[in-house]
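Structural overview for review
Each chain, written out:
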Amino acid sequence: MRDSFASTTRYTFVMPFLTGENGVYILVAIAVHILVYMFVTRTRAKNIVGKHVVITGGSKGIGLCLAVECAMKGANVTVIARDEKMLSGAVALMEVIRQLPEQKFQYRCLDLSSKYEQVAETFANIEESLGDIYMLINCAGLAICGTFEEVSVEDARMLMNVNYWGTYNCTRYVLPKMKKSGEGIIVITASQAALFGIYGYGPYAASKYALRAMAETIAMESRHLGISVTLALPADTNTPGFENEEKTKPKETKIISGGGGLAEPERVAKQILNDALKSNFISILGFESWLLTLLGGGLFRWGGLFQNVFHALLLGPLRVIGCFLHLHFERIIKNCAKEKND
């Protein structure tokens, strides 16, 4: 009887504080504390003023926009690609927007899928000119579409050589040097196609999946040594590379990938650089990309505690959406197949 009375008494005295105005005040206080905690613990962007940044694929598209962004932040920039005329234009553009008199810009013509020794020799020469590489942005890439058996064996090998081995060679050179110095930033540009297989993206998606695995592995091996790795997962972007991709893209692929719209390279570049400087592992732009990345990257290392708890609460319902998404894709493929047979 006494226990029952005590319990009732506690309930009587506590409840008024959890209802009405007091309840609102308590909830507001909790929310304020959470916001203050998130503000205090947020990651501050790293400074690249005077630092040496190397960007592969820096003559056009997202790579060129990244070169411009880095130049505007005061970095010394080296751009690498195969077209010397376009590389020269990229350097000229950075000269126009230079922020500091002492900034230096240069370019190198190089096939990144060459033997590692050749890439290493070029990178050593680059460092002799502008100093040790603080940040490597792997942005060189190639897309060839078609159903799995339609893409030639030669093209499939080329996709892996350019997308995977090109990134591997550059990263392989800078990583041990960054570990030794105890600092550095590596950006690996994959694609939304690295999250799940899409009709018409077979060999291309395989090369991008490989980059995803590379980024996750390097991040785990290097984070404790002061090196941050960012995996960029851009969706369709309005670049010269996308224009070439459209030439080989099956109708089914155009319908499926077209639902996410077409991003501008300037916005994608700003997002990638912002995420890299804040040491975010994932770099995405837009709600569709966020949704697909959350569904396709359950083990990705996202932000802090609150973000991970938020994702955990969402993953169950979103898994249902993922099922409907697959059904939608299958319907598109069946309809296209029916049109071909009619």
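Rules behind the numbers
Residues numbered from 1 in each chain as written. Predicted model: local features only at pLDDT ≥ 70, side-chain atom pairs only at ≥ 80, totals over all residues. Heavy atoms only, no water. UniProt positions renumbered as here; feature names shortened; annotations may be inferred. Axes fitted to C-alpha atoms, helices over the stretch in contact; angles between N-to-C directions. Helix = DSSP H or I, 4+ residues; strand = E, 2+ residues; numbered from the N terminus. Parallel < 35°, antiparallel > 145°, perpendicular 65-115°, else oblique. Left-handed = near helix turned anticlockwise from the far one by under 90°. Contact = heavy atoms within 4.5 Å. Nonpolar A, V, L, I, M, F, W, Y, C, P; charged D, E, K, R; others polar. Salt bridge = Lys/Arg side-chain N within 4 Å of Asp/Glu carboxyl O. Buried < 20%, exposed > 50% of the residue type's maximum accessible area, 1.4 Å probe, protein only. Polar contact = N/O pair within 3.5 Å; in protein donor to acceptor, adjacent residues only side chain to side chain. Phe/Tyr/Trp six-rings, centres within 6.5 Å; stacked < 30°, edge-to-face > 60°. Lys NZ or Arg CZ within 6 Å of the ring centre and 35° of its normal. Core = buried A, V, L, I, M, F, W, Y, C linked by side-chain atoms within 4.5 Å. Domains from an automatic or database assignment. Pairing = 2+ DSSP bridges.

In the nomenclature of an unreviewed UniProt entry, the protein chain is known as 3-dehydrosphinganine reductase of Glossina morsitans morsitans. Entered under Subcellular location (unreviewed entry) in the UniProt record, the comment concerning the protein chain runs "Endoplasmic reticulum". As recorded by UniProt, the Catalytic activity (unreviewed entry) comment attached to the protein chain reads in full: "sphinganine + NADP(+) = 3-oxosphinganine + NADPH + H(+)".

Digging into the packing of helix 3 (residues 61–72) against helix 10 (residues 265–277)
Closest axis-to-axis distance for the helix 3/helix 10 pair is 8 Å, and the angle between their directions is 55°. On the basis of the axis angle, helix 3 is oblique to helix 10. In the crossing of helix 3 with helix 10, the sense of the turn from one axis to the other is right-handed. Along the contact surface, helix 3 presents Gly61, Ile62, Cys65, Leu66, Glu69 and Cys70, while helix 10 presents Pro265, Glu266, Val268, Ala269, Lys270, Ile272 and Leu273. Class assignment of the residues belonging to the contact of helix 3 with helix 10 gives a composition of 9 nonpolar, 1 polar and 3 charged.

What about the pattern of salt bridges?
Using the criterion set out here, one finds 8 salt bridges in the structure. Where Glu246 meets Lys249, a salt bridge forms, and the shortest distance between an N and an O atom there is 2.8 Å. By relative accessible area, which is 6% here, Lys249 ends up buried. Across the pair Lys251 and Glu339 runs a salt bridge, and its minimum N-O distance is 2.5 Å. In this pair, Lys251 sits in helix 9 (residues 251–258) while Glu339 sits in helix 12 (residues 305–341), placing the two residues 88 residues apart along the sequence. Each member of the salt-bridge network shares a partner with another, and the members are Glu245, Glu246 and Lys249.

Quick word on the side chain of Gln103
Turning to its location among the elements, Gln103 is positioned in the loop between helix 4 (84–96) and strand 3 (105–109). Here Gln103 falls in the buried class, since its relative accessible area comes to 4%. Within the local environment of Gln103, its side chain forms a polar contact with the backbone oxygen of Ala75, the two atoms lying 2.8 Å apart. A polar atom in the side chain of Gln103 sits 2.7 Å from the backbone nitrogen of Gln99. Not counting residues up to four positions away in its chain, the partners in contact with Gln103 are Ala71, Gly74, Ala75, Asn76 and Arg98.

Notes on the packing of aromatic side chains
One pass over the structure, following the stated rule, counts 8 aromatic pairs. Ring pairs connect the aromatic residues Tyr164, Trp165 and Tyr168, which therefore count as one cluster. Over the aromatic face of Tyr134 sits the side chain of Lys51, whose NZ or CZ is 3.9 Å from the ring centroid.

Quick look at the nonpolar core
Among the nonpolar cores identified, the biggest contains 54 residues, and Phe123, Leu231 and Leu233 are the most heavily contacted of them. Each of domain 1 (52–301) and domain 2 (303–341) gives at least three residues to this core. Sequence-distant contacts of Phe123, defined by excluding residues within four places in its chain, comprise Val54, Ile80, Leu110, Ile133, Leu136, Cys170, Tyr173 and Val174.

Some words on the sheet that holds strand 7 (residues 282–283)
Read across the open sheet, the 7 strands follow the order 3-2-1-4-5-6-7; overall the sheet is parallel. Each edge of the open sheet carries a strand with a single partner, namely strand 3 and strand 7. Two strands pair when backbone bridges link them, and strand 6 (residues 227–232) and strand 7 are joined in this way by 2 bridges, in the parallel orientation. If you follow Leu231 over to strand 7, its bridge partner there is Ile282. Seen against the sheet, helix 5 (residues 116–130) touches strand 1 (52–56), strand 2 (76–81), strand 3 and strand 4 (133–138) and runs at an angle of roughly 165° to strand 3. Along the sheet, helix 7 (residues 202–222) contacts strand 5 (184–189) and strand 6; its crossing angle with strand 6, the most-contacted strand, is approximately 160°.

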